[in-house]
Amino acid sequence: QVQLVESGGGSVQAGESLRLSCAASGYAVSTGCMGWFRQAPGKEREGVAGISTGGGRTEYATSVKGRFTISRDNVKNTLYLQMNSLKPEDSAMYYCAAETSCRWWLLLRASEYNYWGQGTQVTVSS
C-alpha cells in the first residue's frame, strides 16, 4: 500500500523559505514520477514541480521557476520541494503525488498521478 506523507508547511513572511518533504512508503521514489501540486481555496489544483523517473527531467510551473527546486533522496525515500523567495500568492495546500510511470511532458498534470498525500499547508504573509 502506497503512503505519501507531507510535512514542512507553515506560516512565513514574504521572501522567506520553506522546504517541504514527502516521505514515501510502499513506493520507491527512485523508480517513478513524482510531483508537487498546490490548491488554494476556490482554485483548481495546479502542478508546481515534477520529476521524472530516474530524475532525468524536472518541470516547473512558470510562476515558481527559479524559486522552487524539486529533488529526491533515494536513500531516505523522500521527495523534497525547496521553496525560496516565497510570495503571498504561493499560499495554498501543497500535495505530493506519485506514479510508477508517466509521460514526462505531463509531469504537472494531476491526472497523471494515482497516489496522493494528505497535504501540508503553506501560508505566506506580506
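Since this is a predicted model, take the numbers as computed values, not measurements.

Participant: In this structure, what is going on with the pattern of salt bridges? I would like to understand it.
Facilitator: Side chains bearing opposite charge may pair, as long as their charged atoms lie close to each other. Considering all chains together, one arrives at five salt bridges under this definition. Note that arginine 57 and glutamate 59 form a salt bridge whose closest N and O atoms lie 2.7 Å from each other. Here arginine 67 ties to aspartate 90 by a salt bridge, and the two come within 2.7 Å at their closest N and O atoms. On the criterion of sequence distance, the pair formed by arginine 67 in the loop between strand E6 (58-60) and strand E7 (68-73) and aspartate 90 in the loop between strand E8 (78-83) and strand E9 (92-99) is long-range, its members being 23 residues apart. Given a relative accessible area of 1%, aspartate 90 falls into the buried group. Where salt bridges share partners, they join Arg38, Glu46, Arg67 and Asp90 into one cluster.

Participant: Could you clarify how one ought to interpret the sheet that holds E8 in this entry?
Facilitator: Hydrogen bonds between backbone groups are what pair the strands of a sheet, and the pairing can be parallel or antiparallel. As summarised here, the arrangement of the four strands in space is E1-E3-E8-E7, forming an open sheet in which the pairing is antiparallel. Looking along the sheet, the strands with just one partner apiece sit at the ends: strand E1 (3-7) and E7. Taking each pair of neighbouring strands and ignoring which way they run, the sheet shows an average axis angle of 15°. One ladder, built from five bridges, connects E1 with strand E3 (residues 18-25); its direction is antiparallel. Within E3, the residue paired with glutamate 6 across the bridge is cysteine 22.

Conventions and cut-offs
- Residues numbered from 1 in each chain as written.
- Predicted model: local features only at pLDDT ≥ 70, side-chain atom pairs only at ≥ 80, totals over all residues.
- Heavy atoms only, no water.
- Salt bridge = Lys/Arg side-chain N within 4 Å of Asp/Glu carboxyl O.
- Helix = DSSP H or I, 4+ residues; strand = E, 2+ residues; numbered from the N terminus.
- Buried < 20%, exposed > 50% of the residue type's maximum accessible area, 1.4 Å probe, protein only.
- Pairing = 2+ DSSP bridges.
- Axes fitted to C-alpha atoms, helices over the stretch in contact; angles between N-to-C directions.

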